[in-house]
Every structure is written in structure tokens, then in C-alpha cells.
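Listed below are the residues making up each chain.
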Amino acid sequence: MPGQQEQHSRSRAAQEWESPGYESPLPVTEQSNPLSRDIDRAGPGQIVRVLQECDAEVFQGDLEPDSQYKRLYSESVVQTLKKVAERVNAILKDPEDCLIVLSGCGTSGRIAFLLSNTFNRILARHQQRPVYSYIIAGGDRALLTSQEAPEDSPSLGAQVLKETCVGKKNVLFIGITCGLSAPFVAGQLDFCLNNLDTFTPVLVGFNPAHMARNEPIHGWPHTFRQVTERMLDMLETQRAFILNPVVGPEAISGSSRMKGGTATKVLLESLLLLGHRAAHTHREINHQAILDCIRAYERVHEITYSKIEDLAGVVGKAGMSLQKQGHVYYLGWRTLGVMGIIDASECVPTFGADPWDIRGFMSGGFSEMNNKDGNLSSLGPEFSIDHKDFMDNILPSLGEHDTVIFIFTVDDDFGDVEKLADQVKLKTSNVQAICHEHRGHSFPTKVNDIFLSNILKINWIPPAGDADDSFFMRLQWELSTKWMLNAISTGAHILKGKVYKNYMIDLKVTNSKLYRRAIGILQRFTGCSWMQGERALLKALYRVEELSEEMATADVSRHTRAANMSDRVVPTALVVLQTGCSVSQAQAQLSECPVIRDAVEACLTSVCH
Ligand code: S6P
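Worth saying up front: this structure is predicted, and the values here are computed from it rather than measured.

Rules and cut-offs
Residues numbered from 1 in each chain as written. Predicted model: local features only at pLDDT ≥ 70, side-chain atom pairs only at ≥ 80, totals over all residues. Heavy atoms only, no water. Core = buried A, V, L, I, M, F, W, Y, C linked by side-chain atoms within 4.5 Å. Buried < 20%, exposed > 50% of the residue type's maximum accessible area, 1.4 Å probe, protein only. Helix = DSSP H or I, 4+ residues; strand = E, 2+ residues; numbered from the N terminus. Domains from an automatic or database assignment. Contact = heavy atoms within 4.5 Å. Near = heavy atom within 4 Å. Polar contact = N/O pair within 3.5 Å; in protein donor to acceptor, adjacent residues only side chain to side chain. Areas by Shrake-Rupley, 256 points an atom, 1.4 Å probe, with all protein chains shown as cover. pLDDT = per-residue confidence, 0-100. Arc of directions from axis to C-beta.

Colleague: Teacher, can you tell me more about the nonpolar core here?
Modeller: Note on soluble globular proteins: their nonpolar side chains tend to be buried together. Judged by nonpolar contacts, the single largest core of 143 residues is most densely connected at Phe390, Phe406, Phe408, Phe451 and Ile488. Residue contributions to this core peak at 14 residues, all from helix H17 (residues 467-495). Of the domains in this structure, domain 1 (75-246 + 255-285) and domain 2 (308-496) are the two that each give at least three residues to this core. Aside from chain neighbours lying at most four places away, what touches Phe406 is Leu331, Trp333, Val417, Leu420, Ala421, Val424, Val431, Gln432, Ala433, Ile434 and Phe451. Of all hydrophobic cores here, the second largest spans 40 residues; its members include Leu538, Ala563, Val600 and Leu604.

Colleague: Would you mind going over the site of the ligand with me for this structure?
Modeller: The full set close to the ligand counts 16 residues, and Ser108, Glu151, Thr177, Cys178 and Lys513 are the nearest of them. Side-chain polar atom of Ser108 to an oxygen atom of the ligand: 2.7 Å apart, as the coordinates give it. Within the backbone of Ser256, a nitrogen or oxygen atom sits 3.3 Å from an oxygen atom of the ligand. Relative to its free-state accessible area of 410 Å², the ligand is covered by the protein chains to the extent of 95%. When residues in the shell around the ligand are grouped by element, the largest group, 3 residues, is from helix H4 (residues 106-125).

Colleague: Looking at this model, I keep getting lost on the confidence of the model for the protein chain. Mind explaining?
Modeller: For residues with low pLDDT, the predicted coordinates do not support detailed interpretation. Chain-level pLDDT for the protein chain is 93 on average; 96% of the residues reach the 70-or-more range. Here residues 1-13 is a poorly scored stretch, pLDDT under 50, and it has 14 contacts once near neighbours within four places are set aside; other chains count. Here the predicted complex carries an ipTM of 0.99, next to a pTM of 0.95.

Colleague: Got a minute to help me understand helix H8 (residues 224-232) in this structure?
Modeller: Think of an α-helix as 3.6 residues a turn; residues three or four steps apart then line up on the same face. For H8, the complete set of buried residues consists of Phe224, Val227, Thr228 and Met231. Mapping the buried residues of H8 onto a view down its axis gives an arc of 100°, with all of them on the same face. Contacts made by the buried residues of H8 are with helix H7 (183-193), strand S4 (199-204) and strand S5 (241-243).

What follows is the structure, encoded as C-alpha cells:
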């Protein structure tokens, strides 16, 4: 349990971002978290403590009875969870021509994939056919690599949804967009709203409805806010649902893979689990059952972060690897392998990382991954995800600067873990383990011989109930692993100097959300106007000293396409704005300072000339 002092500071900080007008007009999901303002200067232990506090905000109750924000435990959120769980139950009882579709972009799409597979597996255990399907913007390749551009297309979203639901008569559509912002999901919700005889749309996100994104969407007549407002009008009649508790700003501003991904997993797993329990074991879906489920996840937070020292040790090792141009490799088993692959893939858009810096591999590769399009390894080396690929392609050149993290549970083949670890240890001593066991079923003592002190082992209390409850244990292991891996990859990039204050300043502006975020960062740190920020961003992006008429008037989609080709766009624009120098001078200045945080700091405090 958190100490009194920690509780106190957490609620004080929460009040700061909860106060009216905090960082207005930014929605909560884009704000900067007061708890993590100095995270860029923290050591591994402090980084993990800050993340622990930020993550704890996911579970914070209503601070004031009349608070402007709903939280996870708020009555209205629990009521909506109950109603949607009842819809799931109804579908599972009579699944003919029914589908439950989970959809999103980036992390939200990856969580959609994970949950759809998990709950289809639970159905298989009950000899039921699959009822779940997932959609991720950009298709299956987006499960493993950053595909930010398709997020901007409402028509693509609607088209994929239509194709997914051909022949279905009753579809529960769950559209996930943490920022209530993705045009891809807006297009899908709009499609559902126009076809309510077949579709019941559920919007999942973490901003209040009035903060849903309101800018025009290129080539589309509505904004996300307008779609949300249409849904609000249908809540009463239960033809649509909105699940949007606020969980507070992310530890790294806008990085919704962290709390956004966590809260998505907690909310959706809770409601789906209860729907399944009702259908398979006739347990009632009531208020208490929902609270119990969320509390179980809150307990996972406490248990995971009780390992703060061990976790900080792994963060330090991973950070050292990245600082020394080494790599971090996750070698996972089953869905924990998927968690590793997801975490690694997100470092590219989040930190502007090289895809080879942090990489995930899983036992069995695509045959275990169970994605719609099957084996994608022909698409390129970043799609090689099997342990075998690690052995063939990575192991030969593995060295002391690399960190290898094994991620497994007591249900996995321990002999397999041992065999792989023996080979890796011949190449680097920097071998770590994250593993989960439960009382009555623990690892052989030789696990300690293999990983020595480099083992982060959590012993869980086993679930008391039936086989479906043992699935719940695995879902908790996944969440615990998500928190640990997010801490490792975020912490390692902070230690590498990729973060300035709590902003990822070197982001790639590959979609309209990131484009706007970049201009917002420039405004925040230089005090420039929106227009000045945008012009500086475009000059840096096209690497020109003067913008042509065509560049200045082109649509954002053209800029976001071009953004893939340029490096250090936002830092360059920042130096230009701050010092008044040319783009080429700014680029030259930045190339002398390889650590982005130091370069930006020097420029903003005018130390570097
Ligand atoms: C965030 C991640 C992004 C988002 C994606 C969808 O850390 O890098 O890929 O998941 O942009 O965001 P949203 O708000 O629609 O869930």
C-alpha cells in the first residue's frame, strides 16, 4: 500500500491537472503530468517511482464528489461497464450471426488484437466458435511496426469494418481511441451510427466527451467531437455507449501506450470477463462484481511495483545498453512474448528509436501470435519474431553491451527457457528474467542458478475458481508485464537522453495528431504563435530556409507523408525558433550534441551558441 506521504503528494498532483483550465485547451491525454516534470533528470529508481505514481492515477477514485472528471470507479462508468457486459452475455448466449469487433490504431489496435485472441481462446475452451474479431489501422503489419498514417483515414476505418462484418446481423463494435481523436475510429463509429439495426457502437477513450478532437478531418464532413455528440444523444436509449473515465496525463506527454493502453486493458477485460462468466457459469453481472474485477487489477499494480528495486535494476541495465549503442532484446513466451513485441514496436514512434534498439521475440513466432494474416516474416527483417530468428540473426553478434530479458511464467516450458538462456549467457552476462509463478506452482530452484540475482520474480495468489479464472491470472500477468516493460523501455530512453522534461521532443510527425502535438511543443517551449511554430516545423521537415507556396499551403497529410524522410524535425524547428538561426545552422548545432535532451536544454537556456 502506498505510504501516507505518497498518497498525499499523489492527490495534490492530481488536483493540479484536475483544476479547471489546466493546460487548456489540451485534452487530458495530451497534457503533461505534474508528477513527471523532472523525469528526464531522474535515475532508474526515481524513474520507476514516478511511473508507479502516474500509473496509480488510473485507479484513483473521485477526489471530489462534484469533480469535473469521471474516474474508473465512478458510478456512471461502472454502470456502463455493466450494460456493455450484458450485451456481451447476450451475444455469447446466442452467437449466431453475431460479432464483437474491437478496433483501434497503434497501441489501441494492439490491445484490440490481444483481447480478441484471448476471449476467442476462452470460447474455444467452452467449445464455442470465435465471436471476436480485431481491426488495427494499417493491418497486421501495424501489430509489429509503427504505421501511424492510416490513423488519419475515416473512410479506410469504415471500409475495413464493413468488410469484417459481412453477413453479420448483430455486431457489438468497440472502438478504442485513448484521445477520442483517431479519424480511423471516427469513420467506424459513424458507420455504426448509420447502421444501428446491425451495429451497437461502444466508444472507449480517456478524455471527457467535450474534449473529443474537434478539428476538421481531411476529406470528411464531421469531426470526432460531432460523432461523439451523436453517440451522447443515444446513451439514454442504449443504442450506443461511451466508456471514457479520465486516468490523468501520461508520464511521457501524449504517450497513450502507457496509461491509455493499461486502462483499455482493464476496462475491456473487466467487462468481457463478466460477460463470459454470466454466459458460461450464470454468475450475475452486478456492481460489486465489476468493482471486484477492477480492484484485482489495482492489486496487480501494487504487487508489480512492490518490486521497485529489482525493476529499477533492469531499467538501469537497459539504459546502459542504449547509451552504449547496444540493444535490448525481449525473449518472451506466449502472450507475454506478444507483450514484449508490442512494447518494443512502440519505441519507434514514441522515442524516434531505431527499430533495432529494442526488439521483441516470442516462442513459436507467428504460429503462436495467431494474427489474421499469419506469417508476415517475408515483409522484412523487423517481422522476424520467432526465438529461432533471434538465435539465427541476433545471437551471433550479441555482446556485453546488449541486455537480454527473458519473460515467462510457471506455465511455460522451463527446459526451453534454460536451453536458450545457456546459449545467450555465452555471449553476454547481461541476462535478466521477468517471471511469474503462483503459490502451489513455483519454478524449480535452478531458475536462480540460471539467472543468478538478475531475476524479477513475482509470486501471485492463485485464483480460486474455475478454468476461466485461470485465464484471469494470465491477464493479470500480462498487465504486470506491460507495466514492467513500459518502465524498462521508457526508462532506458530517458537515460539515453531522448526525453526533455516529460516530453518526447524528437517525435516523428507522421500523422495529424503528432503534427499538432509537435507544434504544441514548439509553442510551449519557445512561446511562439501557432503559425510561427508551424512554419518552423515545415522548414525543418522539408529542410529548406524558405517555404515554397506549395509547401506552405499543402494539406497536413502531405507533410505527414514527408515526415518519414526527415530526422530531428522538432528539435531543429525549436533551435530555429529559439535562436533565429537558419535550418542548416540548427542542424549543424544539433549534430554536435548527440544527446537530444542536452541539445534542447542548451538551446533553451542559450548555453550552446
Ligand atoms: C501511443 C502510440 C500511438 C497510439 C495511436 C492511437 O503511445 O504510440 O500509436 O496508440 O496513435 O492513439 P489513440 O488515442 O487513438 O488511442
